[in-house]
Amino acid sequence: MNLVIGGSANERGERAVRRRRRQAFRMTTRRLAAILAADVVGFSSMMERNEEGTLARLKALQRELLEPRVSAHHGRVVKTTGDGFLVEFASPLEAVRCALQVQEQLASKGAPEAPEGPLQLRMGITLGDVIIQEDGDIYGEGVNVATRLEQLAEPGGICVSGKVHDEVEGKIAVPMEDRGEYQVKNISRPVRVFAARTSKGATPAGGTASAAFERTGPVRIDPERRITAAIRDYLARERVSREQFAFKTKLGKSTVDKLLTGLFSERTLAIVESHTGLKLREMLESPATGDASAAAASSAAPKPLDRPSLAVLPFTNMSGDPEQEYLADGITEDLIAGFARLRWLFVIARNSSFTYKGKAADVRQVAQELGVRYVLEGSVRVAGGRMRVTTQLIDAESGKHICADRYDRELRDLFAVQDEITERVVAIVEPHLYAEEGFRAASNPPDSIDAWGLVARAVVMLNKFDREQNMEAQALLRRAIALEPTYARAHALLGWAIYWATYSYWLPDREDSVRQASVHAQDALQHDRADPWARMVFGLCLSSAGQHERALGELQAALNLNPSFALGHIVFGWALLRAGHFDEALVETGWALRMSPVDDFAGFYTTIHGLALVATRQFEEALPYLRASIAGSHSGQYHSLISCCGHLGLIEEAQEYIAARNKLGPPVRLSVLRRNLAHFAHRDVFLEGLAKAGVPE
């Protein structure tokens, strides 16, 4: 299938409208980032002694040292705060390398001599989810934690969180000292703190300052570090918390904490081996060289997760121009970030995926080494002002190609191109992953299917537009909730299943059914406010009740959480239509169709897009979409087509559709639809067409 992303004047106009609409509704966005907070030690007393001189030195520090180092490590100075700086990085490793280099250069070169003393920085680094405002400022728990870590650091020192330490361990030569857990202000959970030793003595003898940050040869790793690295790798790969691991092994939390700092006995290692399959005691007997993460990887091949997992391999630059390499890398990184928004999917981090860059590796071998079920690979070619991106999703166990796509686009606005292609790839691949997981779960014995497997099977059934399948999906989702009462996605999907059954006239009491769907959506939000399905279903229920402003806010929140949520886009367009924002609805529904043209819900997409065209009285344009939509034999889809035919005077054709529609349920009546559409702005033009077509009152 080829998707040509058009560059016509009409399409450019649509994109402009969509951008303006997004600016109006999407005021914030979220992403995972490494946050570095820094401040100048003793700044207030320095200012008291020499205000102008201190400010000049601070500006020179920012201009000559901090900003060049941040730029070199692909970071962004978010803001300065008098005596401090807040910096954002895409990679925690780059953040730590940058911090180490800044501190090393400050220590070795110093600042111009001044009576008030040298400039020294304290730094704190963490990894967390942040909110990015339109002006580029960032907020969130990650910013707060980075600030608290900076306050714990010594002058000239760096403190990092446990998350950052896990990402950089074995990748830098500067040792990290485990300071234990701290309860910091305004953060409910304790923060594990590690301090980097940034003195000159930390640099290997005979080496330069940069040698402390980039390994140029093998480094000897002591057995304790190899063992702790292997266990940390296991916990991350299996998504097991320290508390869960302590309960599973019956070692106790204090023993596990000691274990992860290199304090253990042979008996402890034997217990851990029996639960994990790791060969830890062998590491005590044989010295090793290399990076700690490599040692961990060699100790035991990663076991595939019992949940869906994906690796996005570095895309190949097919342009023949090495300078275009950054495009392929940029799209790969965007896709990793895009898939990481799918909270049900485990996505291998960039640093691990990019170890395969430039290597002709077998997909099955890569999947085995990374412990994933699926691999996405592709290529980027730029020629003659156009960019072509190809992708293919592969089932790593069987080697089967699940789906393959190609995207062509005029290369005018590079960032817009990358954003659009990323959204489309994620939107198209996600339904295929859910379908594969549903087939996988269905092949297991019924009694052995866990909550995730039940949800995956339910998703496949919900995509069939069939009453029996819908009811069976509801039963599966109720089983999943019984197994895991706090499973937000199961609650949200149950709400969607009930809403769809209501929309299809499969349930007798429309108002009560929508209320039930809303209750399940709100239950999901109680357990996970960041679940886009929960936001979408709740927003749709609000829209049905005529609470349009609240509905649009919830639906926009769903898209902020997952911009590649194609079904979320079509539902948002539906809510815009109901609220009377017809032009914006057309743009949104058209975008959803282009994002996922072969989605199982494509008939629903064409119905809503066609209905938006009917609302704007573009009946000729609406007809092809609405004719295509009735392939699903859904009563609501027939209604829109009958109305369009009525407006166009195609009465004979409309009568055929009325007869077909009435076989699906109670005969269509204007009075019923008038009552159901009471809160919707498109009601009058919709009913007008139905009346012209001959639908009785």
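Structure: see above.
Thoughts on the pairing of strand β5 (residues 121–133)
Then, number 1: Strand direction decides the pairing type here: β5 and strand β7 (residues 158–161), joined by three bridges, are parallel. Within β7, the residue paired with M123 across the bridge is I158.
Then, number 2: One ladder, built from two bridges, connects β5 with strand β6 (residues 138–139); its direction is antiparallel. Bridge pairing in β6 places I131 opposite Y139.

Looking at the environment of H647
Then, number 1: As for its position among the elements, H647 is in helix α27 (residues 635–648).
Then, number 2: What makes H647 buried here is its relative accessible area of 13%.
Then, number 3: Along the chain, H647 and G689 lie 42 residues apart, while their C-alpha atoms are 4.9 Å from each other.
Then, number 4: Discounting residues that sit within four places of it in the chain, H647 has contacts with R617, F619, V685, E688, G689 and K692.
Then, number 5: One polar contact links the side chain of H647 to the main-chain carbonyl oxygen of V685, over a distance of 2.7 Å.

Notes on the nonpolar core
Then, number 1: Ranked by size, the top nonpolar core spans 128 residues in total, and within it F339, L376, W496, M536 and F604 carry the most contacts.
Then, number 2: Ranked by residues supplied to this core, first place goes to helix α19 (residues 488–503) with 12 residues.
Then, number 3: One finds C98, A99, L119 and V164 within the second-largest nonpolar core, a separate group that totals 37 residues.

Digging into the packing of helix α21 (residues 532–544) against helix α22 (residues 548–561)
Relative orientation and spacing of two packed helices are given, respectively, by the angle between their axes and the distance between those axes.
Then, number 1: Interhelical geometry of α21 versus α22 gives an angle of 165 degrees and a closest axis separation of 8 Å. The orientation of α21 relative to α22 falls into the category roughly antiparallel. Our pair here, α21 against α22, has a crossing hand that is left-handed. Where α21 abuts α22, its residues P532, R535, M536, F538, G539, L540, L542 and S543 lie against H548, R550, A551, E554, L555, A557, A558 and L561.
Then, number 2: For the contact of α21 with α22, a count of residues per class yields 10 nonpolar, three polar and three charged.

Observations concerning the packing of aromatic side chains
Then, number 1: According to the stated counting rule, one finds 10 aromatic pairs in the structure shown.
Then, number 2: Geometrically, the ring pair formed by W496 and W500 is tilted, given 5.6 Å between the ring centres and 40 degrees between the ring planes. With W496 and W500 both in helix α19 and four residues apart, this pair spans about one turn of that helix. Both residues of the pair, W496 and W500, count as buried.
Then, number 3: The interplanar angle of 50 degrees and the centroid separation of 5.3 Å between the aromatic rings of W500 and Y503 together place this pair among those described as tilted. Residue W500 and its partner Y503 are both found in helix α19; the two are separated by three residues, about one turn of the helix. Neither W500 nor Y503 differs from the other in exposure class; each is buried.
Then, number 4: An aromatic cluster is present here, built from W496, Y499, W500, Y503, W533, F565, W574 and F604 joined pairwise through their rings.
Then, number 5: If you follow R578 out to its NZ or CZ, it ends over the ring of W574, 4.3 Å from the centre.

Parameters at a glance
Residues numbered from 1 in each chain as written. Predicted model: local features only at pLDDT ≥ 70, side-chain atom pairs only at ≥ 80, totals over all residues. Heavy atoms only, no water. Pairing = 2+ DSSP bridges. Helix = DSSP H or I, 4+ residues; strand = E, 2+ residues; numbered from the N terminus. Buried < 20%, exposed > 50% of the residue type's maximum accessible area, 1.4 Å probe, protein only. Contact = heavy atoms within 4.5 Å. Polar contact = N/O pair within 3.5 Å; in protein donor to acceptor, adjacent residues only side chain to side chain. Core = buried A, V, L, I, M, F, W, Y, C linked by side-chain atoms within 4.5 Å. Axes fitted to C-alpha atoms, helices over the stretch in contact; angles between N-to-C directions. Parallel < 35°, antiparallel > 145°, perpendicular 65-115°, else oblique. Left-handed = near helix turned anticlockwise from the far one by under 90°. Nonpolar A, V, L, I, M, F, W, Y, C, P; charged D, E, K, R; others polar. Phe/Tyr/Trp six-rings, centres within 6.5 Å; stacked < 30°, edge-to-face > 60°. Lys NZ or Arg CZ within 6 Å of the ring centre and 35° of its normal.

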